[in-house]
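One-letter residues, chain by chain:
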There are 2 protein chains.
Amino acid sequence: MENKDAKISINEEGCKVKLRAVQDTLDILKGKWKISIISSLSFGKRRFMELQREVDGIGAKMLSKELQELEINGLISRTVCDTKPITVEYELSDYGKTLQNIINEMIDWGLNHRTNIIERYKAKS
Amino acid sequence: MENKDAKISINEEGCKVKLRAVQDTLDILKGKWKISIISSLSFGKRRFMELQREVDGIGAKMLSKELQELEINGLISRTVCDTKPITVEYELSDYGKTLQNIINEMIDWGLNHRTNIIERYKAKS
DNA sequence: CAGCATCCCTTAAGATACTG
DNA sequence: CAGTATCTTAAGGGATGCTG
């Protein structure tokens, strides 16, 4: 009996710790565009405009804001290039690259999901 | 030259497809609480109140709304139990369980991130 | 090009009270 | 217990125009 209770207690603690871990991750990744931006940068460095073109629907204001937050959290680096009209290059930091696993899983799930939706649609017709 | 251009073109297409995949996933998971709810359910079935207790800070209204959306997308199942005051049990569907990889990566990253923050703090003092 | 300032509107979401 | 209804507020986020 004591053993069983202890086990449950440990498991409950385990859940809490894991839920908190998810929450921690979510806090860093919150915002409508952050994960899309990181995904885009996971393919290589990008300039401001390139990001705006690649992240569908984002405006300059939001892009700017979310990039700042990502930089503050040490996930990306920002480099001002000394070109005629200045350009700025964004890049995933080493720490930012540790998010790659999450991104990859999201890519896989999304690809699979789209396939499923199409299959479901075909099955109906 | 033609080869090189073709390669670039293919890669660019690859990025777009992947970014769209991420977006597809994000569309399903959007909302302040959805990932937390799924995480909680990934540990087993939960009743409405249990979820509200486990997902820190969520109100009944939001919990109800996000559960409905998750159900519509086929990620969770809802079972009304015929008890004296009725109870309702929520559970990840088989399809919902395919999100487990994403959740796990988020747990890992969050655990690691917390450690890093603590290390960083220690280093300063 | 990069990005800030301003204005403005829509949506998210919290609080509270109520029902089967 | 498991929600729903209503109200209200805060925040998110778009459009435009401007600057180094």
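Shown above is the structure to which this text applies.
Not measured: the values here are computed from a predicted model.

### With respect to the environment of leucine 99 of chain A
Following the sequence through the fold, leucine 99 of chain A ends up in the loop between helix H5 (94-97) and helix H6 (100-124). Judged by its relative accessible area of 2%, leucine 99 of chain A is buried. Counting along the chain gives 17 residues from leucine 99 of chain A to aspartate 82 of chain A, while the straight-line C-alpha distance between them is 30 Å. The contacts of leucine 99 of chain A, once residues within four sequence positions are left out, are Leu29, Ile38 and Leu75 of chain A together with Trp109 of chain B.

### Quick look at the interface of chain B and chain A
Each partner contributes residues to the interface: chain B has 36 residues there, and chain A has 36 residues. Summing both sides of the interface, chain B and chain A together bury roughly 3600 Å²; the carbon and sulfur share of this comes to 70%. Broken down residue by residue, the surface that chain B buries against chain A is led by Tyr95, Met106 and Trp109 of chain B, which jointly contribute 20%. Across the contact surface, chain B and chain A share 2 salt bridges. For the salt bridge of aspartate 24 of chain A with arginine 114 of chain B, the shortest nitrogen-to-oxygen distance reads 2.8 Å. Contributions of two or more residues to the side of chain B that touches chain A are made by helix H1 (2-29), helix H2 (34-41) and helix H6 (100-124) of chain B. Residue contributions to the side of chain B that touches chain A peak at 13 residues, all from H6 of chain B. Of the residues assigned to the side of chain B that touches chain A, the class counts are 18 nonpolar, 10 polar and 8 charged.

### Observations concerning the packing of helix H2 (residues 34-41) of chain A against helix H4 (residues 60-72) of chain A
All names here are of chain A. Two numbers describe how H2 lies on H4: the axes approach to 10 Å, and their chain directions differ by 75°. It follows that H2 is roughly perpendicular to H4 by the angle criterion. Along the contact surface, H2 presents Lys34, Ile37 and Ile38, while H4 presents Leu63, Glu66, Leu67, Glu69 and Leu70. Class assignment of the residues belonging to the contact of H2 with H4 gives a composition of 5 nonpolar, no polar and 3 charged.

### A word on the protein's contact with DNA strand C
Neighbouring DNA strand C are 15 residues; Met49, Ser64, Arg78 and Tyr90 of chain A together with Lys61 of chain B lie closest to it. Of all atoms in DNA strand C that approach within 4 Å of the protein, 72% are sugar or phosphate atoms. Residue glutamine 68 of chain A places a side-chain N or O atom 2.9 Å away from a phosphate oxygen belonging to DNA strand C. A distance of 2.7 Å is found between a phosphate oxygen of DNA strand C and a side-chain nitrogen or oxygen belonging to tyrosine 90 of chain A.

### Structural notes on the protein's contact with DNA strand D
Near DNA strand D you find 15 residues, and of these Lys32 and Lys61 of chain A together with Ser64, Arg78 and Tyr90 of chain B are the closest. A share of 71% of the atoms of DNA strand D within 4 Å of the protein falls on sugar and phosphate groups. One nitrogen or oxygen atom from the main chain of methionine 49 of chain B is found 2.8 Å from a phosphate oxygen belonging to DNA strand D. Arginine 78 of chain B is positioned with one of its side-chain polar atoms (N or O) 2.6 Å from a phosphate oxygen of DNA strand D. Counting only elements with at least two residues in the surface near DNA strand D, the list comes to H4 of chain A together with helix H3 (48-54), helix H4 (60-72) and strand E3 (87-92) of chain B.

### A closer look at H4 of chain A
All names here are of chain A. Compared with the 18 Å implied by 1.5 Å per residue over 13 residues, the 18 Å span of H4 between its first and last C-alpha is a close match. Those residues of H4 lying buried are Leu63, Glu66, Leu67 and Leu70. What you see down the axis of H4 is that its buried residues fit within an arc of 105°, all on one side. With respect to the buried face of H4, the exposed residues turned more than 90 degrees away are Lys61 and Ile72. At the exit of H4 stands glycine 74, carrying a positive phi of roughly 75°.

Rules and cut-offs
- Residues numbered from 1 in each chain as written.
- Chains lettered and ligands numbered in written order.
- Predicted model: local features only at pLDDT ≥ 70, side-chain atom pairs only at ≥ 80, totals over all residues.
- Heavy atoms only, no water.
- Helix = DSSP H or I, 4+ residues; strand = E, 2+ residues; numbered from the N terminus.
- Buried < 20%, exposed > 50% of the residue type's maximum accessible area, 1.4 Å probe, protein only.
- Contact = heavy atoms within 4.5 Å.
- Buried area = accessible area lost by both parts, 1.4 Å probe.
- Salt bridge = Lys/Arg side-chain N within 4 Å of Asp/Glu carboxyl O.
- Nonpolar A, V, L, I, M, F, W, Y, C, P; charged D, E, K, R; others polar.
- Axes fitted to C-alpha atoms, helices over the stretch in contact; angles between N-to-C directions.
- Parallel < 35°, antiparallel > 145°, perpendicular 65-115°, else oblique.
- Near = heavy atom within 4 Å.
- Polar contact = N/O pair within 3.5 Å; in protein donor to acceptor, adjacent residues only side chain to side chain.
- Expected span 1.5 Å × (residues − 1).
- Arc of directions from axis to C-beta.

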